[in-house]
Amino acid sequence: MCELYSKQDTLALRRKHIGPSCKVLYAADPIKIVRAQRQYMFDEKGERYLDCINNVAHVGHCHPEVVKAALKQMEVLNTNSRFLHDNIVEYAKRLAATLPEQLSVCYFTNSGAYHGHLSSLIEISPYKFRKGKDVKKEFVHVAPAPDIYRGKYRENHADPASAYADEVKKIIEEAQNRGRKIAAFIAESMQSCGGQIIPPAGYFQKVAEYVRGVGGVVIADEVQVGFGRVGKHFWSFQMHGKDFVPDIVTMGKPMGNGHPMACVVTTKEIAEAFSSSGMEYFNTYGGNPVSSAVGLAVLDVIENEDLQGNATRVGTYLTELLNRQKAKHTLIGDVRGVGLFVGIDLVKDRQKRTPATAEAQHVIYKMKENRVLLSADGPHRNVLKIKPPMCFTEEDAKFMVDQLDGVLTVLEEAIGAQTESVVPENTPCRTKGGPQERFGLETLGEEVKQKSLCS
Amino acid sequence: MLGEGDSKTEPKAPGGRRTGGRGPERLGRRAGQRRRGEHDAAPRADFRGRRVPSARQAGAGPGRSARFSAPWRPTGAERPRRWPCGGGCSVGHCHPLVVQAAHEQNQVLNTNSRYLHDNIVDYAQRLSETLPEKLCVFYFLNSGSEANDLALRLARQYTGHWDVVVLDHAYHGHLSSLIDISPYKFRGLDGQKEWVHVAPLPDTYRGPYREDHPNPAVAYASEVKRVVSSVQEKGRKIAAFFAESLPSVGGQIIPPAGYFPEVAEHVRRAGGVFVADEIQVGFGRVGKHFWAFQLQGEDFVPDIVTMGKSIGNGHPVACVATTQAVARAFEATGVEYFNTFGGSPVSCAVGLAVLDVLEKEQLQAHAACVGSFLMELLGQQKAKHPIIGDIRGVGLFVGVDLIKDKATRTPATEEADYLVSRLKENYILLSTDGPGRNVLKFKPPMCFSLDNAQHVVAKLDAILTDMEEKMRSCETLRLQPEAALLSPPLEKMKHSTQIHYWDDGHDLQLTEEESH
């Protein structure tokens, strides 16, 4: 592969010219990726990595059908949506066909909304505003994540869906008591940065009832999880039942297989209210012929290659393999997922469910050495998240899990944990100074935390 | 080692571009390493459409697609019937070099910027060479709106302040945060927020200080100073002054030279930063310089520059350039800035290809040349047609200000609208802007030719002449005393506040003032 710069020079140039807030993965030892096909990425030495991270390359990196569609259109016309063109209307029609009937009006943009990196979206993204110096704005009200593993109401609760929905109801009432009015409830249909959380069935229906009851609307953020990733349905919100229809759906990431695209779909009523402001909504690039052609090609590939079916089959198999690992490794507190959206919650202690943050970082680096790309998320950065390109196979799943098994085994041996059963709480620690110090995980955790892109 | 003897120390060509003259060794590359695609350059056409053969073309090797081995010249089928005068396709719609770059990269890798890749660093390096030295840190995004939003965040983080000063009639984007700083938008929506302060547009044709003022730059800058002072008196603090380097939506305004440096002084003294929005006007459009803010003087350097639209010839790309200091302050928040698609290998390949084309086809010089010619022709039209109040512009950024009355300079809004629809019938795409929607705005692809300029102006002339004849003949008819002599359509004209002309089936509606 023809490289312009050596990896060292690339890194040096990056430090010089790219905003230091733009981080690289594996900051302590970044990878230079020069090529990718399907679910595999290749570094500058030609080493192949299994990509379990990249849900953006939804139908597979560099899918030839999508590349061809882009080329064909780029050679002919790529301009803004102020002119009539078939591609945008065809694409809108095809998208609308995947959604409940009332969601029929599309606005095309270029990038999705954690809910996003824009000022307005950071204000509504606890993931961001909690980390930064920004404080929560008074118009933002945060409900507990409906996490039945680590949240307030867990798997042993009689009705966690209602319990979590009631928290939303409480928040709405508090806001109203302060004289405020709710415009919207916005949630990822499955929380990704929140730690691969799958809200319990019935949650969204109840929340929708409460929110609509006070004149608000429900926004389902499908930016990470749409387009068949859950297998059984095209949209993740559909997992919650036919009776749950959001008022607005946002989509992005996977839409264009890497091409910058996103979309908002809503009802006629909401669209009409928006246009009644009299103000035009114009987005220079959104809905351009090339983006629309790319979007159409992605829909075609999802259909022709039965990627939804694949997500169900491989996702089920993967979850099964991971559950076997859970029985074997005490570090695995929870395995949760649907289709090809899976999370492995690593814990130091199964009873307390203490997040194993440093261990998760260690696992990720070790998996990288074994040529598997994984990332960690969740508020404690302890959930290994798996959301690979949809062409991920059973062989890939087996390979990934085998590597994970190996890494966890070594790790657990090193920290003295038993692989067969949970260590009782009152068992004295076998190693002097504690398991983490012995393995140097604390140190590693610190190193990883402090090393930044620019070091 | 990277950095030693790099091109930042090379003398600058006029317009701020550094001349390296070192070929591939420039940009810190080792000898023998070439820029991606350099050897693969497709046959090029210069701005007159003449074929410029590439070295490669002589012996096009295997694997080269037939579609790229022919010179790029619009064929009979492709030759545009329509002559576009506006849009973000800076080097020309579907430029084959740009298409090729995108396609080649699409086949190999298109992923996010969390992995190391040469394209993003190469592109950043190339962009940095076009800018003053201290603007050397880049953030890549997908749209101008995203870029301006990030610029706002950067400014606030760096200064620790919150308020923003903007120009009247400015437009910086359609996101919530940007509608708040775009008088063009917020006046029709939620109104002005308390942290937004509006200074008068430095419009020397229609603003408070005009072409007869001895020093409009200082006068307009003093307005900003006044705004800043009044903000401070309220106990508020300025984070930024945001301005399009050449306000487009405000009516193709060319701020007087010296305005920005004065403003920057006032703003920085108050602890704020200067954000130059180059989204509409960057990348050589102004001819004389690569960036429009450079028109304001060699010594003038904004703190943050935003770029978009023309940067990717239609591909969704945008960028924010800033200083090390601003970037470090942003990093200090501890929050990562991640943009899923920004800085992807394909977007950067496209951006690089656009820079290559601008350079190889000398489009900046071309813009200067064609732009001057266009202005000259339009100047002749101004002398001929009283509806043309002002011609202003630089390079291929030109505005034609249509007025109803020379003394009052009242915007000729309806006439402008009519003119645009007549031009469309003549296969010329043009649009209007300005608060009076009366300024014809020219910002065509940079390959716009002298012939195109001549053609457009000829059509404009013909239509304006036609309009003026019709108005004269209608005026004559209107002055006839006997109502009985009036035919039904004219009867209607007499008794309504609007007069309708029929010309090839197009109605021109005059306002009440016009009809009397």
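Residues numbered from 1 in each chain as written. Chains lettered and ligands numbered in written order. Predicted model: local features only at pLDDT ≥ 70, side-chain atom pairs only at ≥ 80, totals over all residues. Heavy atoms only, no water.

An unreviewed UniProt entry lists chain B under the name 5-phosphohydroxy-L-lysine phospho-lyase isoform X2, with Equus przewalskii given as the organism. According to the UniProt record, the Cofactor (unreviewed entry) comment for chain B reads "pyridoxal 5'-phosphate". (UniProt positions renumbered as here; feature names shortened; annotations may be inferred.)

Looking at an unreviewed UniProt entry, one finds chain A named Ethanolamine-phosphate phospho-lyase and attributed to Equus przewalskii. What UniProt records for chain A under Sequence similarities (unreviewed entry) is the sentence "Belongs to the class-III pyridoxal-phosphate-dependent aminotransferase family." Listed under Subunit (unreviewed entry) in UniProt, the entry text for chain A is "Homotetramer."

Asks: Can you walk me through the packing of helix α3 (residues 118–130) of chain B against helix α10 (residues 345–360) of chain B in this structure?
Replies: Between two packed helices, the angle of one axis relative to the other and the distance separating the axes together describe the packing. Residue and element names in this part refer to chain B. Following both chains from N to C, one finds α3 and α10 inclined at 35°, their axes separated by 8 Å at the closest point. When you trace α3 past α10, the crossing you get is left-handed. Two secondary-structure elements touch here, α3 through Asn-119, Ile-120, Asp-122, Tyr-123, Arg-126 and Leu-127 and α10 through Pro-345, Cys-348, Ala-349, Gly-351, Leu-352, Leu-355, Asp-356 and Glu-359. (Axes fitted to C-alpha atoms, helices over the stretch in contact; angles between N-to-C directions. Helix = DSSP H or I, 4+ residues; strand = E, 2+ residues; numbered from the N terminus. Left-handed = near helix turned anticlockwise from the far one by under 90°. Contact = heavy atoms within 4.5 Å.)

Asks: How should I be thinking about the pattern of salt bridges in this particular structure?
Replies: Oppositely charged side chains can pair when the atoms bearing their charge come close. Per the counting criterion, the structure on display carries 42 salt bridges over all chains. Residues Lys-398 of chain A and Asp-402 of chain A are paired through a salt bridge, measuring 3.1 Å at the closest nitrogen-oxygen approach. One end of the pair is Lys-398 of chain A and the other is Asp-402 of chain A, both in helix α12 (residues 394–415) and 4 residues apart, which spans about a single turn. For Lys-398 of chain A, a relative accessible area of 38% translates into the label partly exposed. A salt bridge links Glu-223 of chain B to Arg-226 of chain B, with the shortest nitrogen-to-oxygen separation between them at 2.5 Å. Within this pair, Glu-223 of chain B and its partner Arg-226 of chain B are both found in helix α7 (residues 216–233), separated by 3 residues, close to a single helical turn. We classify Arg-226 of chain B as exposed; its relative accessible area is 54%. (Salt bridge = Lys/Arg side-chain N within 4 Å of Asp/Glu carboxyl O. Buried < 20%, exposed > 50% of the residue type's maximum accessible area, 1.4 Å probe, protein only.)

Asks: Any chance you could explain the sheet that holds strand β7 (residues 238–244) of chain B here in plain terms?
Replies: The pairing of strands in a sheet comes from backbone hydrogen bonds and takes either a parallel or an antiparallel form. Residues and elements named next belong to chain B. Pairing in this open sheet of 7 strands is mixed, and the strands run β4-β10-β9-β8-β7-β5-β6 from one edge to the other. With one partner strand each, in any of the chains shown, β4 (137–141) and β6 (196–199) form the two edges of the open sheet. Across the sheet, the axes of successive neighbouring strands diverge by a mean angle of 20°, strand direction being ignored. By the bridge criterion, 5 bridges tie β4 to strand β10 (residues 318–322) in an arrangement that is antiparallel. Bridged to Phe-138 within β10 is Ala-321. Sheet contacts for α3: β4, β9 (304–307) and β10; angle to β4, the most-contacted strand, approximately 120°. (Pairing = 2+ DSSP bridges.)

Asks: Can you walk me through the side chain of Ser-21 of chain A in this structure?
Replies: Examined against the element boundaries, Ser-21 of chain A turns out to sit in the loop between α1 (7–17) and β1 (33–37). One polar contact links the side chain of Ser-21 of chain A to the main-chain amide nitrogen of Glu-331 of chain B, over a distance of 3.5 Å. The residues touching Ser-21 of chain A, leaving out its near neighbours within four places in the chain, are Tyr-139, Phe-330, Glu-331, Val-335, Glu-336 and Tyr-337 of chain B. (Polar contact = N/O pair within 3.5 Å; in protein donor to acceptor, adjacent residues only side chain to side chain.)

Asks: What exactly am I supposed to notice about the sheet that holds strand β12 (residues 397–402) of chain B here?
Replies: Residues and elements named next belong to chain B. Strand order in this open sheet of 4 strands is β11-β12-β15-β14, and the pairing throughout is antiparallel. Strand pairing shows two members of the sheet lacking a second neighbour, β11 (388–394) and β14 (431–433), which therefore form its edges. The average undirected angle you get between the axes of adjacent strands in this sheet is 30°. Across 4 bridges, the pairing between β12 and strand β15 (residues 439–442) is antiparallel. Considered in β15, the bridge of Asp-401 is made with Val-439. Contacting β11, β12 and β15, helix α11 (residues 363–384) runs over the sheet at an angle of about 170° to β11.

Asks: Whenever I open this one, the packing of helix α2 (residues 64–74) of chain A against helix α9 (residues 289–304) of chain A confuses me. Can you help?
Replies: All names here are of chain A. It is the contact of α2 with α9, at a shortest axis distance of 8 Å, that shows an interaxial angle of 155°. The angle between the axes of α2 and α9 places the two elements in the roughly antiparallel class. Note that α2 runs across α9; the crossing there is right-handed. Listed contacts from α9 to Glu-65, Val-66, Ala-69, Ala-70, Gln-73 and Met-74 of α2 are Pro-289, Val-290, Ala-293, Val-294, Ala-297, Val-298 and Val-301. Partitioned by chemical class, the residues of the contact of α2 with α9 number 11 nonpolar, 1 polar and 1 charged. (Parallel < 35°, antiparallel > 145°, perpendicular 65-115°, else oblique. Nonpolar A, V, L, I, M, F, W, Y, C, P; charged D, E, K, R; others polar.)

Asks: Before we go on, may I ask you to explain the environment of Thr-204 of chain B in this structure?
Replies: All names here are of chain B. Mapped onto the fold, Thr-204 is located in the loop between β6 and α7. What makes Thr-204 partly exposed here is its relative accessible area of 24%. Linking Thr-204 and Pro-256, residues 52 residues apart in sequence, is a C-alpha distance of 7.6 Å. For Thr-204, the residues in contact, after removing those within four places along its chain, are Tyr-209, Arg-210, Glu-211, Pro-216, Tyr-220, Pro-256 and Arg-409.

Asks: Please explain the environment of Thr-159 of chain B as it appears in this structure.
Replies: All names here are of chain B. Tracing the backbone through its elements, the reader meets Thr-159 in helix α4 (residues 144–159). Once the C-alpha coordinates of Thr-159 and Asp-451 are considered, the two residues, 292 residues apart in sequence, prove to be 49 Å apart. Aside from chain neighbours lying at most four places away, what touches Thr-159 is Ala-239, Gly-271, Gly-272 and Val-273. A distance of 2.8 Å separates a polar side-chain atom of Thr-159 from the backbone oxygen of Ala-155. Of note is the side chain of Thr-159, whose polar atom sits 3.0 Å from the backbone nitrogen of His-161.

Asks: Would you mind showing me how to read the interface of chain A and chain B here?
Replies: Many authors give the size of an interface as the accessible area that is lost as the parts come together. Opposite the 77 residues of chain A that make contact, chain B presents 78 residues. Where chain A abuts chain B, roughly 7,100 Å² becomes buried across the two surfaces, and 59% of that area is made up of carbon and sulfur atoms. Together, Leu-4, His-17 and Tyr-285 of chain A form the three largest contributors to the area buried by chain A at its contact with chain B, with a combined 12%. Asp-118 of chain B serves as the salt-bridge partner of Lys-32 of chain A, at 2.8 Å between the closest nitrogen and oxygen. Linking chain A with chain B are 21 residue pairs in polar contact (both at pLDDT 80 or more). At the level of secondary structure, the elements contributing two or more residues to the side of chain A that touches chain B comprise α1, β1, α2 and α4 (119–123) of chain A. When residues in the side of chain A that touches chain B are grouped by element, the largest group, 9 residues, is from α1 of chain A. Of the residues belonging to the side of chain A that touches chain B, the class tally is 39 nonpolar, 23 polar and 15 charged. (Buried area = accessible area lost by both parts, 1.4 Å probe.)

Asks: I tried to follow the packing of aromatic side chains on my own but got confused; where do I start?
Replies: Two aromatic rings are characterised by how far apart their centres lie and by the angle between their planes. Scanning the entire structure with this criterion turns up 27 aromatic pairs over all chains. Ring plane angle 55° and centroid distance 6.4 Å describe the contact between Phe-330 of chain B and Tyr-337 of chain B, whose orientation is recorded as tilted. Ring pairing ties together the aromatic residues Phe-241, Tyr-259, Phe-260, Phe-274, Phe-293 and Phe-300 of chain B, which thus form one cluster. Across from the ring centre of Tyr-40 of chain A, 3.8 Å away, lies the NZ or CZ of Arg-48 of chain A, which sits over that ring. Between Arg-156 of chain B and the ring centre of Trp-195 of chain B, over which it is positioned, the NZ or CZ distance is 4.5 Å. (Phe/Tyr/Trp six-rings, centres within 6.5 Å; stacked < 30°, edge-to-face > 60°. Lys NZ or Arg CZ within 6 Å of the ring centre and 35° of its normal.)

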